[in-house]
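Given next are the chains, with one letter for each unit.
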There are 2 protein chains.
Amino acid sequence: MTDETKPQSAEERLIARYFKPLATHPGAFGLSDDAAAIAPPAGCDLVLKTDGVIAGVHFFPDDPPDTVARKVLRMNLSDLAAKGATPLGFLLAVALPQGTEEAWLAGFARGLGEDAELFGCPLLGGDTDHTPGPISVSVAAFGAVPHGKMVRRAGATAGDRVVVTGTIGDAALGLALRRDSSTAKRWELTRDQQDHLTSRYRVPQPRNAIAEILRAHASAAMDVSDGLAGDLAKLCRASGVAAEIACADVPLSDAARMALAKEPVLIETIVSGGDDYEILATVPPGKVAAFKQQASGAGVNVTEIGKVSAGRGEARFLGPDGKPLALAHASYSHF
Amino acid sequence: MTDETKPQSAEERLIARYFKPLATHPGAFGLSDDAAAIAPPAGCDLVLKTDGVIAGVHFFPDDPPDTVARKVLRMNLSDLAAKGATPLGFLLAVALPQGTEEAWLAGFARGLGEDAELFGCPLLGGDTDHTPGPISVSVAAFGAVPHGKMVRRAGATAGDRVVVTGTIGDAALGLALRRDSSTAKRWELTRDQQDHLTSRYRVPQPRNAIAEILRAHASAAMDVSDGLAGDLAKLCRASGVAAEIACADVPLSDAARMALAKEPVLIETIVSGGDDYEILATVPPGKVAAFKQQASGAGVNVTEIGKVSAGRGEARFLGPDGKPLALAHASYSHF
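Residues numbered from 1 in each chain as written. Chains lettered and ligands numbered in written order. Predicted model: local features only at pLDDT ≥ 70, side-chain atom pairs only at ≥ 80, totals over all residues.

A. Up close: the overall build of chain A. A count of helical and extended segments in chain A gives 11 helices and 11 strands. Against the 2.2 N^0.38 benchmark of 20 Å for 335 residues, chain A shows a C-alpha radius of gyration of 21 Å, consistent with a compact globule. Seen through its C-alpha atoms, chain A measures out along the principal axes to roughly 70 × 55 × 35 Å. Counting every position in chain A, which comprises 335 residues, the buried fraction comes to 61%. (Helix = DSSP H or I, 4+ residues; strand = E, 2+ residues; numbered from the N terminus. Rg over C-alpha atoms; globule rule 2.2 N^0.38 Å. Buried ≥ 20, exposed ≤ 12 C-beta atoms within 10 Å, placed from the backbone.)

Shown next, in the form of structure tokens:
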């Protein structure tokens, strides 16, 4: 992604107009060089992550373009948060079909710029191409943690408590609403409740506010992107432990609670649907109260949902009858 | 990109089989965590770059998959080289159509792994998705330079000499051969010469061997990816200078020289076609001899092709008659 004093090509003009204003970090050189240069904070490790979205796979082609930008950036910010890292910046790769309207790009860049500012994660560089395929956006995000202090998936031990931030299942229900609007009526949702679920699908709320608190308290953590059940199983496998969750303790929004009351089978969608972008963590029992209190002070609700025990990767979810749910698919896969 | 002891999904199986063996850096955690963590070398800036390829746009769908992997990694390595940076590692984003044969992925991973090893640039993490579009691969590469020492596009001053590494135009001629095999006959190329041009298009030779030498001698540099003429103009605009190149001094391979002898109009393809992935640099006159000698010692041929003068971004190419070429397109654009 380059820009010169006199933009020469259509690509250069678009970059100069929409992306150069976002490249506020001095090391981005106003997108006028081949690469960015940043001085990493002394004594820190770099935390590196890439994740992306494709139209028709991860978002709907008619989703507002600013929400597409927010989602792809926030997906990556959510991983930095779960690893205890402070954002430093990101690189952007965008592939656009010929004939993509400039209004789409304008909305995309606006959402991207607002979120880059909001989360203190500036655009450092990028790559723009035309594609015969659908709109595709990939972000590579960089953060910093004190040396050796990245919060790992491995680290949970028997006795630790399992906690999650925010509420679970909203995005999966929002996706179901987007796919079939008749479900809103069946679930007897108000307009506000529908909007809540849809917006949780479109624009996740990464928990970067508690990255440092997480480093201080969690024995292991990851973000919930592919469904709570599947992601907890991944954490348990990486840590060599088991975990048991009471579904009744999984935090739900009013909208999700309403839908679940109408259709109890939705518990499966809630605990195994994707796109939550909340943080799943394990915390030694003596630290749970302090973690919850400090997170709450940072504006993030943390709920204890279960317990870690000895095991080999089993993640059990107990239903209202106290018996384990048999989940058809523990996690959502785009692949 | 994740892997667990018991891979659960098709994506996890493919990652475990093909990409985990490439994640040799301890900070990649064997792709078993959400993000990578690396300790950047003390006193260094990070140099960050992203570039990618799309089937049917940047490579032919029937190109050997190992060459696709090599090309996309080397495109990014070439930028690190031109900025004087030592590679630290890379993130990979791959979007594959449903039904992509496993043999394709196996070849891709083999080429990627061999080049990661060859250039000391390990896979740190990634993202794999299915796409309704063509195969798309994006790399984000990271390198290190001593603090403040990234070689910039801006920095050339009047009197500096313009130099390039290797030979120019091979890839653009190789692309022309791939598009229309009858050209080989018209240009009277041997089989070896055809293979040379085609392989230069498919697999560039990034000049990472001279990154440190470049830092010590160049006033400005960039890699030649969009055509020598257009890229030199970019460097001149960023530096606020002009440059004049004698086409006769532009280094050519035997194959390119043969083709040009048959069709003198190919000089335009040679100086404005893309995909060279050589380094274009400006060097103060007193440092040219040492630069050439040290680069040669590192196995890289450097040729002086012109001179920087006062100006405002003009890059002139003088033809055999001593008059400036009128280039229809100074650079190749995929956009």
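B. Structural view of the nonpolar core. Residues A:Val47, A:Phe90, B:Val47 and B:Phe90 are the most contacted members of the largest nonpolar core, which totals 228 residues. Those residues in contact with A:Phe90 that sit more than four places away from it in its chain are A:Leu73, A:Asn76, A:Cys121, A:Leu123, A:Leu124, A:Val139, A:Ala140, A:Ala141 and A:Phe142. (Core = buried A, V, L, I, M, F, W, Y, C linked by C-beta atoms within 7 Å. Contact = placed C-beta atoms within 7 Å.)

C. Structural detail: the interface of chain B and chain A. Between chain B and chain A, the residue contacts involve 60 residues of the former and 61 residues of the latter. When residues of the side of chain B that touches chain A are assigned to their parent elements, the largest contribution, nine residues, is made by strand E2 (residues 44-54) of chain B. Broken down by class, the residue content of the side of chain B that touches chain A amounts to 24 nonpolar, 19 polar and 17 charged. Sheet analysis places strand E2 (residues 44-54) of chain A next to strand E1 (residues 36-38) of chain B, joined by three bridges and oriented antiparallel. (Nonpolar A, V, L, I, M, F, W, Y, C, P; charged D, E, K, R; others polar. Pairing = 2+ DSSP bridges.)

D. Local environment of helix H6 (residues 191-202) of chain B. Residues and elements named next belong to chain B. Compared with the 16 Å implied by 1.5 Å per residue over 12 residues, the 16 Å span of H6 between its first and last C-alpha is a close match. Taken together, the buried positions of H6 are occupied by Gln193, Gln194, Leu197, Thr198, Arg200, Tyr201 and Arg202. Where H6 is buried, its residues touch helix H2 (65-82), helix H4 (170-179), helix H5 (182-186) and helix H9 (254-262). (Expected span 1.5 Å × (residues − 1).)

E. Looking closely at the sheet that holds strand E4 (residues 123-131) of chain B. The sheet built from five strands is open, its strands ordered E1(A)-E2(B)-E5(B)-E3(B)-E4(B) with mixed pairing. With partners counted over all chains shown, the strands left at the sheet margins are strand E1 (36-38) of chain A together with E4 of chain B, one partner each. For this sheet the average axis-to-axis angle between neighbouring strands, irrespective of direction, equals 20°. Where strand E3 (residues 86-97) of chain B lies against strand E5 (residues 136-146) of chain B, nine bridges are found, and the strand directions are antiparallel. Each residue of the ladder has a partner; that of B:Leu92, found in E5(B), is B:Val139. (Axes fitted to C-alpha atoms, helices over the stretch in contact; angles between N-to-C directions.)

F. View of the confidence of the model for chain A. On average, residues of chain A score 94 in pLDDT, and 96% of them reach the 70 mark or higher. The model gives residues 1-6 of chain A a pLDDT under 50, and that stretch makes 27 contacts with residues more than four places away or in other chains. (pLDDT = per-residue confidence, 0-100.)

G. Molecular detail of the packing of H2(B) against helix H3 (residues 102-118) of chain B. All names here are of chain B. Taken N-terminus to C-terminus, the directions of H2 and H3 make an angle of 40°; their axes are 7 Å apart at the nearest point. Between H2 and H3, the angle falls in the class oblique. Handedness of the H2/H3 crossing: right-handed. Of the residues in H3, those touching H2 at Pro65, Asp66, Thr67, Val68, Ala69, Arg70, Leu73 and Arg74 are Trp104, Gly107, Phe108, Arg110, Gly111, Leu112, Asp115 and Ala116. Partitioned by chemical class, the residues of the contact of H2 with H3 number eight nonpolar, three polar and five charged. (Parallel < 35°, antiparallel > 145°, perpendicular 65-115°, else oblique. Left-handed = near helix turned anticlockwise from the far one by under 90°.)

H. The relation of the copies chain B and chain A, seen in detail. Rotating chain B by 180° and moving it 0.0 Å along the rotation axis overlays it on chain A with an RMSD of 0.0 Å. Given the turn and translation reported, the copies of this chain are related as if by a two-fold rotation axis. Relative to the rotation axis, the closest C-alpha in chain B is found at B:Gly133, a distance of 2.0 Å. (Least-squares fit on C-alpha atoms with pLDDT ≥ 70 in both.)

I. Representation of the domain arrangement of chain A in the model. All names here are of chain A. Segmentation of chain A into domains returns domain 1 (10-146) and domain 2 (161-318). Taking the mean C-alpha position of each, domain 1 and domain 2 sit 26 Å from one another. Taken together, the contacts link 19 residues of domain 1 with 16 residues of domain 2. For the side of domain 1 that touches domain 2, the secondary structure elements donating two or more residues are helix H2 (65-82) and strand E3 (86-97). Sorting elements by how many residues they give to the side of domain 1 that touches domain 2 places H2 first, with 11 residues. Looking at the side of domain 1 that touches domain 2 residue by residue, the class counts come to 10 nonpolar, four polar and five charged. (Domains from an automatic or database assignment.)

J. Summary view of the environment of A:Ala103. All names here are of chain A. Mapped onto the elements of the fold, Ala103 is located in helix H3 (residues 102-118). Classification of Ala103 by C-beta neighbours within 10 Å gives exposed; the count is 9. Distance from Ala103 to Lys185, taken between C-alpha atoms, is 33 Å for residues 82 residues apart in sequence.

K. How the structure looks around the environment of A:Phe119. Note on placement: A:Phe119 falls in the loop between H3 and strand E4 (123-131). Note: C-alpha distance between A:Phe119 and A:Gln293 (174 residues apart in sequence) is 22 Å.

L. Structural view of the pairing of strand E7 (residues 220-224) of chain B. Residues and elements named next belong to chain B. In terms of residue burial, E7 counts as a mostly covered element, since five of its five residues are buried. Pairing between E7 and strand E9 (residues 278-283): five bridges, direction antiparallel. Directly across from Ala220, in E9, lies its bridge partner Thr282.

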